[in-house]
Amino acid sequence: MSTESTVVTGNQRIAKWSVNISIVFLCLWVLVPIYLLIANTFSSPAEVNAFPKRIYPSFDTESVRFFMNFYGVGSALWNSFKVACLTMIMSIAVGAPAGYALSRFEFRGKNTFRVLVLMTRAFPLPLLALPLAVMFIKVGLDDTVLGLAIVHTVLALPFAVLITFSLFSGVPVELEEAAWTLGCNRLQAFIKVIFPLVLPGIAASAIFAFVISWNEVFAAAVLTIEHRTLPAFLLQSLDDAPLHLKFAGGAVLVVPALIFIFMVRKYLFSMWGIANR
Amino acid sequence: MAQITIKQVAKQFGKTHALHSIDLTVADKEFLVLLGASGCGKTTLLRIVAGLETATTGEVWIGDRRVDKLAPKDRGIAMVFQNYAVFPHLTVYENIAFGLRMSKVAESEIDKRVKRTAGLMHIDQLLQRYSGQLSGGQRQRVAVSRALATEPDVILMDEPLSNLDALLRMEMRTELKSILAESDTTTIYVTHDQVEAMSMADRIAIMHEGNIVQATSPVEVYRNPATRFVGSFIGNPPMNFLQAKNLGDGWFDVCGARMQGPRHDASELELAVRPEDINSTDSHGEGDWQGIVKVVEPLGSHLQVTCVVSDQQCRVVMDSDVIVKPGDTVNLAPVAERVRWYDANGDRVQ
Ligand SMILES: Nc1ncnc2c1ncn2[C@@H]1O[C@H](COP(=O)(O)OP(=O)(O)O)[C@@H](O)[C@H]1O
Ligand SMILES: [Mg+2]
């Protein structure tokens, strides 16, 4: 028995190695660009353009400092922050009730609804951009933080719905029912039992919405002019900026997103039904 | 006064009829067990009483209040769930106090009642723990304490012991019975375990495919099953059923023996007798059967002997010092006053 399981046939060995190689390849695929980005960000402008490269950055903060003081960066950062926060609030406010309904109630068209939620992500934004811009101009939402946040909410909503759906589904109905029999109405049971249990997940889902908004560039570029968010601002102004500034800009965009994604990875996995931890 | 009256309650899930017109009364302070195979509608009925499910038709009364339109919290009930449903984000103490806090009981009174019910269930050492730090049996105790703490008129339990291992289940059975006997609550207890039902119940209501087929005392259910189903469901080893040809005038031919039974028109009935109600005798009398022993299972206190009587299987319980082996011919004498008769529909004939 035990020998049988330890004997590895040639085929298995090849399979194992190809898995390992794929893992290494995928990790490098993701990590190398991030490393280069960070390394170049913390190199002096001269080093960025020099060749051959150093393995370690010199931890020179000149590019970052220059970038942060660059005219417009501050206000773009602030706009990004405002839009992302609004997106976060709106997508949870709308998405969590939808996720709750999906997990707790049987209703007609439930499956269709779930597919539709995902389909919104498949709809190409560029196709929507022009009509949307025209409409926003008509109602006076163009070039406003709120208008952009609404578009970002639409983008973040499918994830908010699906993540909260999986969160609420993870809370046994019996807990809620036990609360009802112990004197709670629906709302009290939700506040006293369900909400505390899903709170960490809701926070993760909110952060995810924040990141989606933080990184979104297309709608931001089309729908804002004066009140650009950071990605839109960078797209516009860094096109012909020196290389070291591009790196600094890229890092400012990527790093917060990375940190956030890392914080919520557990919930992203459970969202796709893989593992819970 | 918390008598529960269920009037013509029916429940449909889409096309499935989970419950057909159920009528049942549970007396004040009574311990009623709903017993039936999995899927027969026990949980559905319990949830309708609790208010977690709405009946398609019918009424539910608790005391002199009609409750079927009320929310669970307004029915004066507490429920113990099969998977315990202990709130994971609260300590044991807070779990037990939950219902009391909801009804705004004074803090000193809460403390008193939590400690008392926890003591009753022997979990007073665990009050500061969370559900994740408890064993299944301990969680079960928390769930019961939580239900008892609110001093409800009615306690509803849905297979509360089915997730525990055999030994613990037996221990909890006895404990629950004594605790509930001391309290003034009316209890409906759902189980599919007949031993649990027999040992705990004041009265057993046996469910089958969405109907209550018999509701009476454990002994009565065992001795006088109202239908063939009840007879076959209750008892281990199960009741024997043998074909009985009607000879007219209340006489029947059962496996070659002439036996007196009920007067009935049908050409055939079924005779039912429990394995322990058949004696193996040395001398052959009228109404006795000749059986050929197939299997002998020694169970310590007694032997369980499976015989073939006229091509039909018949189990007999014999004393453990009787010497029998497969192939032996035995003389079987059913105890006349313990014999029951059922018609082709499975209804009892008297
Ligand atoms: N929510 C539901 N939706 C559809 N069918 C259900 C639902 N709950 C129970 N049923 C059906 O009703 C019948 C009785 O179920 P249940 O009351 O849970 O049985 P028991 O508790 O006796 O095992 C079963 O056939 C079951 O499939
Ligand atoms: Mg059940």
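Fair warning: this is a prediction, and the values are worked out from it, not measured in the lab.

*Asks:* What am I meant to see in the overall build of chain A here?
*Replies:* When its secondary structure is counted, chain A shows 13 helices and zero strands. Each helix and strand of chain A, placed in order from N terminus to C terminus, yields the pattern α-α-α-α-α-α-α-α-α-α-α-α-α. Scaling as 2.2 N^0.38, a compact globule of 277 residues should have a C-alpha radius of gyration of about 19 Å, whereas chain A reaches 23 Å, well beyond that. Taken along its principal axes, the extent of the C-alpha atoms in chain A is 75 × 70 × 35 Å. Across the 277 residues that make up chain A, the buried fraction comes to 40%.

*Asks:* Please explain the pairing of strand β17 (residues 302-309) of chain B as it appears in this structure.
*Replies:* Residues in a regular strand project their side chains so that they alternate between the two faces of the sheet. Residues and elements named next belong to chain B. Burial of β17 is extensive: six of the eight residues sit out of reach of the surface. Hairpin remark: strand β16 (residues 289-298) followed by β17, antiparallel, with three residues in the connecting loop; positive phi at glycine 300, about 85 degrees. In this structure, β17 lies alongside strand β18 (residues 312-319), joined through eight bridges in antiparallel fashion. In the strand pairing of β18, leucine 303 is matched with methionine 318. Remark: two residues form the turn of the hairpin made by β17 and β18, two consecutive strands paired antiparallel; serine 310 in that turn has positive phi of roughly 45 degrees.

*Asks:* How should I be thinking about the confidence of the model for chain B in this particular structure?
*Replies:* Put simply, chain B has an average pLDDT of 92, and 100% of its residues get 70 or more. Of the two predicted TM-score estimates for the complex, the pTM is 0.80 and the ipTM is 0.86.

*Asks:* Would you take a moment to explain the pairing of strand β19 (residues 329-334) of chain B for this structure?
*Replies:* Residue and element names in this part refer to chain B. β19 sits mainly inside the fold: five of its six residues count as buried. Pairing of β16 with β19, which is carried by four bridges, proceeds in the antiparallel orientation. Each residue of the ladder has a partner; that of isoleucine 292, found in β19, is threonine 329.

*Asks:* I keep staring at the interface of chain A and chain B and nothing clicks. Help me out?
*Replies:* Put simply, an interface is often sized by how much accessible area is lost when its parts join up. Facing the 16 residues of chain A at the interface are 18 residues of chain B. A combined buried area of about 1,600 Å² lies between chain A and chain B, and 76% of that area is made up of carbon and sulfur atoms. It is A:Glu177, A:Thr181 and A:Leu182 that lose the most area in chain A upon contact with chain B, and together they represent 39% of the buried surface on that side. Inspection of the chain A/chain B interface yields one salt bridge. If you look at where chain A meets chain B, you find three residue pairs in polar contact (both at pLDDT 80 or more). Looking at the side of chain A that touches chain B residue by residue, the classes come out as nine nonpolar, four polar and three charged.

*Asks:* Can you help me understand the site of ligand 1 in this one?
*Replies:* All names here are of chain B. Around ligand 1, a shell composed of Phe13, Ala18, Ala37, Ser38, Gly39, Cys40, Gly41, Lys42, Thr43 and Thr44 is seen. Between glycine 39 and ligand 1, the recorded distance is 2.6 Å, taken from a backbone N or O atom to an oxygen atom. One of the backbone N or O atoms of cysteine 40 is found 3.2 Å from an oxygen atom in ligand 1. The leading source of residues in the shell around ligand 1 is helix α1 (residues 42-50), at three residues. For the shell around ligand 1, the class distribution of residues is four nonpolar, five polar and one charged.

*Asks:* Explanation requested: the sheet that holds β19(B) in the structure shown.
*Replies:* Backbone-to-backbone hydrogen bonds join strands into a sheet, with any given pair of strands oriented parallel or antiparallel. All names here are of chain B. Spatially, the five strands line up as an open sheet ordered β15-β19-β16-β17-β18, and their pairing is antiparallel. With one partner strand each, in any of the chains shown, β15 (278-281) and β18 form the two edges of the open sheet. The average angle at which neighbouring strand axes cross in this sheet is 45 degrees, direction not considered.

*Asks:* Hey, could you run me through the side chain of A:Glu216 in this one?
*Replies:* Residue and element names in this part refer to chain A. By the element assignment, glutamate 216 lies in the loop between α10 (186-215) and α11 (218-223). A relative accessible area of 9% places glutamate 216 in the buried class. Reaching out from glutamate 216, the side chain makes a polar contact with the backbone nitrogen of alanine 219 at a distance of 2.7 Å. For glutamate 216, the residues in contact, after removing those within four places along its chain, are Leu125, His152, Leu155, Thr229 and Pro231.

*Asks:* Where do I start with the sheet that holds strand β14 (residues 268-273) of chain B in this structure?
*Replies:* All names here are of chain B. Read from one edge of the open sheet, six strands run β13-β12-β11-β14-β20-β21, paired in antiparallel fashion. The open sheet has two free edges, formed respectively by β13 (257-260) and β21 (348-349), since each of these has just one partner strand. Bridge analysis of strand β11 (residues 240-248) against β14 gives six bridges, and the strand direction is antiparallel. Bridged to alanine 244 within β14 is leucine 269.

*Asks:* When you look at the pattern of salt bridges in this model, what are you seeing that I'm missing?
*Replies:* A side chain of one charge can pair with a side chain of the opposite charge if their charged atoms are brought near each other. Residues and elements named next belong to chain B. Inspection of the entire model under this criterion finds 25 salt bridges over all chains. With a shortest N-O distance of 3.3 Å, arginine 47 and glutamate 53 are connected by a salt bridge. There is no split in this pair, since arginine 47 and glutamate 53 are both buried. For the salt bridge of arginine 116 with glutamate 151, the shortest nitrogen-to-oxygen distance reads 3.2 Å. Taken as a pair, arginine 116 in helix α3 (residues 107-120) and glutamate 151 in the loop between α4 (136-149) and β7 (154-158) lie far apart in primary sequence, 35 residues in all. A single network of salt bridges, built from pairs that share partners, joins Glu109, Lys112, Arg113, Arg116 and Glu151.

About the thresholds
- Residues numbered from 1 in each chain as written.
- Chains lettered and ligands numbered in written order.
- Predicted model: local features only at pLDDT ≥ 70, side-chain atom pairs only at ≥ 80, totals over all residues.
- Heavy atoms only, no water.
- Helix = DSSP H or I, 4+ residues; strand = E, 2+ residues; numbered from the N terminus.
- Rg over C-alpha atoms; globule rule 2.2 N^0.38 Å.
- Buried < 20%, exposed > 50% of the residue type's maximum accessible area, 1.4 Å probe, protein only.
- Pairing = 2+ DSSP bridges.
- pLDDT = per-residue confidence, 0-100.
- Contact = heavy atoms within 4.5 Å.
- Buried area = accessible area lost by both parts, 1.4 Å probe.
- Salt bridge = Lys/Arg side-chain N within 4 Å of Asp/Glu carboxyl O.
- Polar contact = N/O pair within 3.5 Å; in protein donor to acceptor, adjacent residues only side chain to side chain.
- Nonpolar A, V, L, I, M, F, W, Y, C, P; charged D, E, K, R; others polar.
- Near = heavy atom within 4 Å.
- Axes fitted to C-alpha atoms, helices over the stretch in contact; angles between N-to-C directions.

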